[in-house]
Amino acid sequence: MALSSPLAPFVWKPAYSVQIRSMDAQHAELIRIVHDLQQAMAGGRAKDVLHSILERLAAYTRDHFAAEERLLRQHAYPNFDSHKAEHDRLVATVAAYVSGHQSGRIALSVEVLGFLKSWLEKHILGLDKQYGAYLSSRGVS
Ligand SMILES: [Fe+2]
């Protein structure tokens, strides 16, 4: 499937489903926050508005990854370590955006937005769908 372009609206769609309802709902919320960030940037909103959305993204990302990792541990997911490593890398990257944006070292750009969108999309379509198939085969929904 083709990844969406950095400027296209970012909206959850059934093709993103990992077949686990709670995770689909959280992915939809993550996508909504990135979409809000995109809208705020496109609308030329003030730095503090962008910053608060970025902080919301950082907080929700941490909460979602923690919930996902709890679920994977509960079901002894075999690829847990590599999956968590990918989460940890994104959490670190987003934290660097948050502090860089606050201090004025990083301007939110189309590149930053494009990175976030393509990371999320690739992660959901790739690694998350893999655990989805594993959990579904064990009757988790
Ligand atoms: Fe994940």
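Residues numbered from 1 in each chain as written. Predicted model: local features only at pLDDT ≥ 70, side-chain atom pairs only at ≥ 80, totals over all residues. Heavy atoms only, no water.

Trainee: Now, about helix H2 (residues 47–74): what can you tell me, with residues and values included?
Mentor: Between its first and last C-alpha atoms H2 spans 40 Å; for 28 residues at 1.5 Å apiece the expected length is 40 Å, and the two agree. Downstream of H2 by a residue or two, Ala76 has a phi angle that is positive, lying close to 45°. (Helix = DSSP H or I, 4+ residues; strand = E, 2+ residues; numbered from the N terminus. Expected span 1.5 Å × (residues − 1).)

Trainee: Mind laying out the environment of Lys84, listing which residues take part and the relevant values?
Mentor: Structurally, the position occupied by Lys84 is in helix H3 (residues 80–102). For Lys84, a relative accessible area of 24% corresponds to the partly exposed category. Sequence spacing of Lys84 and Leu72 is twelve residues, and the spatial spacing of their C-alpha atoms is 9.7 Å. (Buried < 20%, exposed > 50% of the residue type's maximum accessible area, 1.4 Å probe, protein only.)

Trainee: Describe the pattern of salt bridges, listing the residues and the values that go with them.
Mentor: A side chain with one charge can pair with a side chain of the opposite charge if their charged atoms come near. Applying the stated rule across the entire model yields three salt bridges. Residue Glu29 is joined to Arg32 by a salt bridge in which the shortest nitrogen-to-oxygen separation is 2.4 Å. A residue pair is termed a helical-turn pair when its members lie 3 or 4 positions apart in one helix, as Glu29 and Arg32 do in helix H1 (residues 21–42) at three residues. In this structure, the salt-bridge partner of Asp88 is Lys84, at a minimum N-O distance of 3.0 Å. With Asp88 and Lys84 both in helix H3, this residue pair falls four residues apart, about one helical turn. (Salt bridge = Lys/Arg side-chain N within 4 Å of Asp/Glu carboxyl O.)

Trainee: Now, about the coordination of the iron ion: what can you tell me, with residues and values included?
Mentor: Coordination of the iron ion by the protein involves Glu68 (OE), His83 (NE2), His87 (NE2), His123 (NE2) and Asp128 (OD), with metal-donor separations of 1.9 to 2.3 Å. All donors of the iron ion come from a single chain, and their spacing in sequence reads E-x14-H-x3-H-x35-H-x4-D. Of the two residues, Glu68 is situated in helix H2 and Asp128 in helix H4 (residues 110–137); the sequence distance between them amounts to 60 residues. A residue is classified by how much of its surface remains accessible, and Asp128, at 0% relative accessible area, is buried. (Donors = N, O, S within 2.8 Å, 3.2 Å for Na, K, Ca; no water.)

Trainee: Account for the environment of Ile106, naming residues and giving values.
Mentor: As for its position among the elements, Ile106 is in the loop between H3 and H4. Accessibility expressed as a relative area gives 23% for Ile106, which makes it partly exposed. Counting along the chain gives 29 residues from Ile106 to Leu135, while the straight-line C-alpha distance between them is 39 Å. Excluding residues that lie within four positions of it along the chain, Ile106 makes contacts with Ala96, Tyr97, Gly100 and His101. (Contact = heavy atoms within 4.5 Å.)

Trainee: Break down the environment of Gly114 for me, citing the residues and quoting the values.
Mentor: Relative to the helices and strands, Gly114 is located in helix H4. The sequence separation of Gly114 and Lys84 amounts to 30 residues, and the corresponding C-alpha distance is 22 Å.

Trainee: Mind laying out the packing of aromatic side chains, listing which residues take part and the relevant values?
Mentor: Scanning the model with the defined rule gives five aromatic pairs in all. Note on Tyr77 and Tyr131: the rings are 6.4 Å apart at their centroids and 80° apart in plane angle, and the pair reads as edge-to-face. Of the two residues, Tyr77 is situated in the loop between H2 and H3 and Tyr131 in helix H4; the sequence distance between them amounts to 54 residues. Here the two residues Tyr77 and Tyr131 agree in accessibility, since each one is buried. Through successive ring pairs, a cluster of aromatic residues spans Tyr77, Tyr131 and Tyr134. (Phe/Tyr/Trp six-rings, centres within 6.5 Å; stacked < 30°, edge-to-face > 60°.)

Trainee: Requested: an account of the side chain of His64, with residues and values cited.
Mentor: Looking at the element boundaries, His64 is found in helix H2. In this structure the side chain of His64 is engaged in a polar contact, spanning 2.7 Å, whose partner is the side chain of Gln26. Residue contacts for His64: discarding those within four places in its chain leaves Met23, Gln26, His27 and Leu30. (Polar contact = N/O pair within 3.5 Å; in protein donor to acceptor, adjacent residues only side chain to side chain.)

In short, shape yes, function no, at least from these values alone.
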